[in-house]
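Report on the structure
Read off the chains here:
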Amino acid sequence: MNTPIRTRFAPSPTGYIHVGNVRAALFPYLLARQQGGSFILRIEDTDQARFVEGATDLILDTLEWLGMDWDEGPRKGGEYGPYVQTERREIYLQWAQKLIDKGLAYADPYIPEQVQSFREEAIALKKPFLYRDHRPENPPAWDGSQALRFKVTDPKRYTWNDPIMGELSAGPEVLDDFILIKADGLPTYNFAHIVDDAEMGITHVIRGLEYISSIPRYLSLYEALDLACPVLACMPHIMAPDGKKKLGKRDGARSVTDYRTDGILPETMLNFLASMGWNDGTEQELFSREELIEKFSLERVQRSGARFDEQRLLWMNGQWIRRLELDDLYERVRPYWPESTEEASDEYKKHVLSLIKDRLKTLAEVSMMTRYFFEEPTVDESLISGNKQLSKLTDDERRSILKASHDALESSEWTPEAIQETLNNLLETTGEKPGTLFSLVRIATTWAPFSPQLNDTLALLGKEKTLARLQTAITPGV
RNA sequence: GGUCUCAUCGUCUAACGGUUAGGACACCAGGUUUUCAUCCUGGCAAUCGGAGUUCGAUUCUCCGUGAGAUCACCA
């Protein structure tokens, strides 16, 4: 009987959360859920300079929105807490003491500027810089005011197996005496995450590719601490739209909150991010959270980076919107109605929504797509002049067609079917083509570049409004 | 520059060493007797280059080339 796996997401609260961050949470989440294990959330806030107030809440809110529930961590607690690194200082110091006792950690007598000059010296000589080449003979006893460094005693080549990348290795030249505890008393990521992962029983570490070159250092630290090494997996980056480098905040990576505001569904975001760099080998494109959990595997994760294609995201969002039940969609779209809809009944708005559901790519689009159902539209002559058929007609010809339409509709029953029949009859009596007649009536009643099927639109708009808008369009001066 | 990694349509990707190299997005054309969209048809479009192994290479090996990551008292 295997012990249940434990995976984690360990973000830094340094600002907004972008799609790359979310995907770094998604893969460990999916794996934990699939294997019946635990997904742990840990806040890595040891960089006080980059700490941003409120960033943690933003991260937690985003994960909750996406339905990526965690088993232990902030807002949840758990038996391995605290789950915020600045609250774990004592733990790091205890582990650091173990290394000191073993002679595997020592105080750095230099200040950062001195180390920097060593580094520049090496660069000037075109030699790779290694701190251990400058390792002090008799370092002072560590009193907590200096940085504490790890002592690499046996630089060697490490080889390890990454479930995504395959067999990896790196030589001794990448091993160095890195800093464990900074002069401010807080641990570096390199040290803290090893300690935390061990203390929290993490079995699978899944993180971005940028960590791959540091892994030999982690391996040497696991050895020094006599710790079993968890499974280490690195996943490829999401690339910036130009495909040149990993997506980051400086490249205008949009926050997940922005996509949420635009009306991207959490289903879409999950599906889309999982699909970037993973597929199940079939031709399936749309995966629900449940399907992702069932089918995900690290072995099928792509090894190369993928660009974030917003057009594909929009297409996928449209697909997910279409899959929603109308009532569900109505609830989600609630914040997006224009102000003029406040008076309208839920029933009417829901009906409007049903007509445009197939047209939506984002929830935010309801606003611009439905205005004419709630307020009097503004006449836009360019809709006529820009229309191939309609621009050929004179004003009088257009009025005459609209007049005929008005009169026919006036005596029509007001159901979608009856309206369609009336419109069809009108084609015969006026001798106009559908492209002319229907377009003209559509524009005169909505003044929108596009709208749902004409008979449905008129039926919902109501006889009174339809006739009034046609009358306005017939009135000279329009 | 050192180290490490990656490489199939414009983009996301599929293909036990044997396929007319498949699908999706985008784009183009047509259909669903009005527009936009949905939906359906069809079209365009790819194995980075060179050696080698093999009867046969997108797939394995090597060398190039290109791209990315990393070399912090950041994570």
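**Quick word on the packing of helix α8 (residues 266-275) against helix α10 (residues 310-323)**
Where α8 meets α10, the axes come as close as 9 Å, and the angle between the chain directions of the two elements is 135°. In terms of orientation, α8 lies oblique with respect to α10. In the crossing of α8 with α10, the sense of the turn from one axis to the other is right-handed. Contact residues: E267, T268, N271, F272 and S275 in α8; R312, L313, M316, N317 and W320 in α10. Its residues placed into classes, the contact of α8 with α10 shows four nonpolar, four polar and two charged.

**Quick notes on the environment of G67**
By the secondary structure assignment, G67 is in the loop between α2 (55-65) and α3 (89-101). The exposure class assigned to G67 is partly exposed, which follows from its relative accessible area of 24%. Not counting residues within four places of it along the chain, the set of residues in contact with G67 comprises Y29 and R289.

**Observations regarding the layout of surface pockets**
Space inside the largest pocket adds up to approximately 1200 Å³. In this structure, the largest pocket is lined by 39 residues; those nearest its centre are S12, N21, R50, E210 and Y211. Among the secondary structure elements, those contributing two or more residues to the lining of the largest pocket are β1 (6-9), α1 (19-34) and β8 (204-208). Among the elements that make up the lining of the largest pocket, the one with the highest residue count is α1 (four residues).

**Some thoughts on helix α15 (residues 395-410)**
The end-to-end C-alpha distance of α15 is 22 Å, a good match for the 22 Å that 16 residues give at a rise of 1.5 Å each. Every buried residue belonging to α15 is among R398, R399, I401, L402, S405, H406 and L409, and all of these are buried. Angular distribution of buried residues about the axis of α15 spans 165°; they occupy a single face of the element. Looking at the buried residues of α15, the elements they touch are α14 (382-385), α16 (416-430), α17 (434-446), α18 (454-461) and α19 (463-474).

**Observations concerning α19**
Two residues of an α-helix separated by three or four positions point the same way, owing to the 3.6 residues in each turn. The terminal C-alpha atoms of α19, which comprises twelve residues, lie 16 Å apart, in line with the 16 Å expected from a rise of 1.5 Å per residue. The set of residues buried in α19 consists of T466, L467, R469, L470, A473 and I474. The arc enclosing the buried residues of α19, seen along the axis, measures out at 165°, which places them on a common side. Its buried side turned inward, α19 meets α15, α17 and α18.

**Here we look at the packing of α17 against α19**
Where α17 contacts α19, the axes come no closer than 8 Å and their chain directions differ by 100°. As judged from the angle between their axes, α17 and α19 are roughly perpendicular. Facing V441, A444 and T445 of α17, the residues of α19 in contact are T466, R469, L470 and A473.

**Some thoughts on the protein's contact with RNA strand B**
Looking at RNA strand B, there are 65 residues lining it, with T46, K182, A183, K244 and R359 nearest. Among atoms of RNA strand B positioned within 4 Å of the protein, sugar and phosphate together represent 75%. A distance of 2.6 Å is found between a phosphate oxygen of RNA strand B and a side-chain nitrogen or oxygen belonging to T46. The contact in question runs from a sugar or linking oxygen of RNA strand B to an N or O atom on the side chain of E285, over 2.7 Å. Of all elements in the fold, only α4 (112-124), β4 (147-150), β6 (166-170), α5 (189-199), β11 (306-307), α10 and α17 reach the threshold of two or more residues within the surface near RNA strand B. When the residues that make up the surface near RNA strand B are grouped by side-chain class, the tally is 22 nonpolar, 19 polar and 24 charged.

**Observations concerning the packing of aromatic side chains**
Under the defined criterion, the tally for this structure stands at 15 aromatic pairs. Ring centres of Y110 and Y131 lie 6.3 Å apart, and the angle between their planes is 70°; on these two criteria the pair is classed as edge-to-face. Linking Y110 in the loop between β3 (105-108) and α4 with Y131 in the loop between α4 and β4, this pair joins segments that are 21 residues apart in sequence. Overall, Y110 belongs to the partly exposed group, its relative accessible area being 24%. You can call Y131 buried: its relative accessible area is 1%. Ring plane angle 35° and centroid distance 5.1 Å describe the contact between Y189 and Y211, whose orientation is recorded as tilted. Taken together, the residues span a long stretch of sequence, with Y189 in helix α5 and Y211 in the loop between β8 and α6 (215-224) at a distance of 22 residues. Members of the aromatic cluster, connected to one another through ring pairs, are F27, W278, F287 and F296. Sitting above the plane of the W70 ring, K76 keeps its charged end 5.1 Å from the centroid. When the ring centre of Y131 is taken as origin, the NZ or CZ atom of R149, which lies over that ring, is 3.5 Å away.

**Let's talk about the sheet that holds β3**
Consider a sheet: its strands pair through backbone hydrogen bonds, and that pairing is either parallel or antiparallel. Ordered by their spatial adjacency, three strands build an open sheet running β3-β4-β7, and the pairing between neighbours is antiparallel. Both edges of this open sheet fall to β3 and β7 (179-181), since each of them pairs with a single strand only. Mean inter-strand twist for the sheet, computed between neighbouring axes without regard to direction, equals 45°. Lying on the sheet, α3 is in contact with β3, β4 and β7; it crosses β7 at an angle near 130°.

Parameters at a glance
Residues numbered from 1 in each chain as written. Chains lettered and ligands numbered in written order. Predicted model: local features only at pLDDT ≥ 70, side-chain atom pairs only at ≥ 80, totals over all residues. Heavy atoms only, no water. Axes fitted to C-alpha atoms, helices over the stretch in contact; angles between N-to-C directions. Helix = DSSP H or I, 4+ residues; strand = E, 2+ residues; numbered from the N terminus. Parallel < 35°, antiparallel > 145°, perpendicular 65-115°, else oblique. Left-handed = near helix turned anticlockwise from the far one by under 90°. Contact = heavy atoms within 4.5 Å. Nonpolar A, V, L, I, M, F, W, Y, C, P; charged D, E, K, R; others polar. Buried < 20%, exposed > 50% of the residue type's maximum accessible area, 1.4 Å probe, protein only. 1 Å grid on protein atoms, 1.4 Å probe; cavity = no way out; pocket = protein on both sides within 12 Å on 5 of 7 lines; lining within 4 Å. Points joined across faces, edges and corners; volume = space filled by probe spheres on them. Expected span 1.5 Å × (residues − 1). Arc of directions from axis to C-beta. Near = heavy atom within 4 Å. Polar contact = N/O pair within 3.5 Å; in protein donor to acceptor, adjacent residues only side chain to side chain. Phe/Tyr/Trp six-rings, centres within 6.5 Å; stacked < 30°, edge-to-face > 60°. Lys NZ or Arg CZ within 6 Å of the ring centre and 35° of its normal. Pairing = 2+ DSSP bridges.

Remember that the coordinates give geometry; whether it matters functionally is a separate question.
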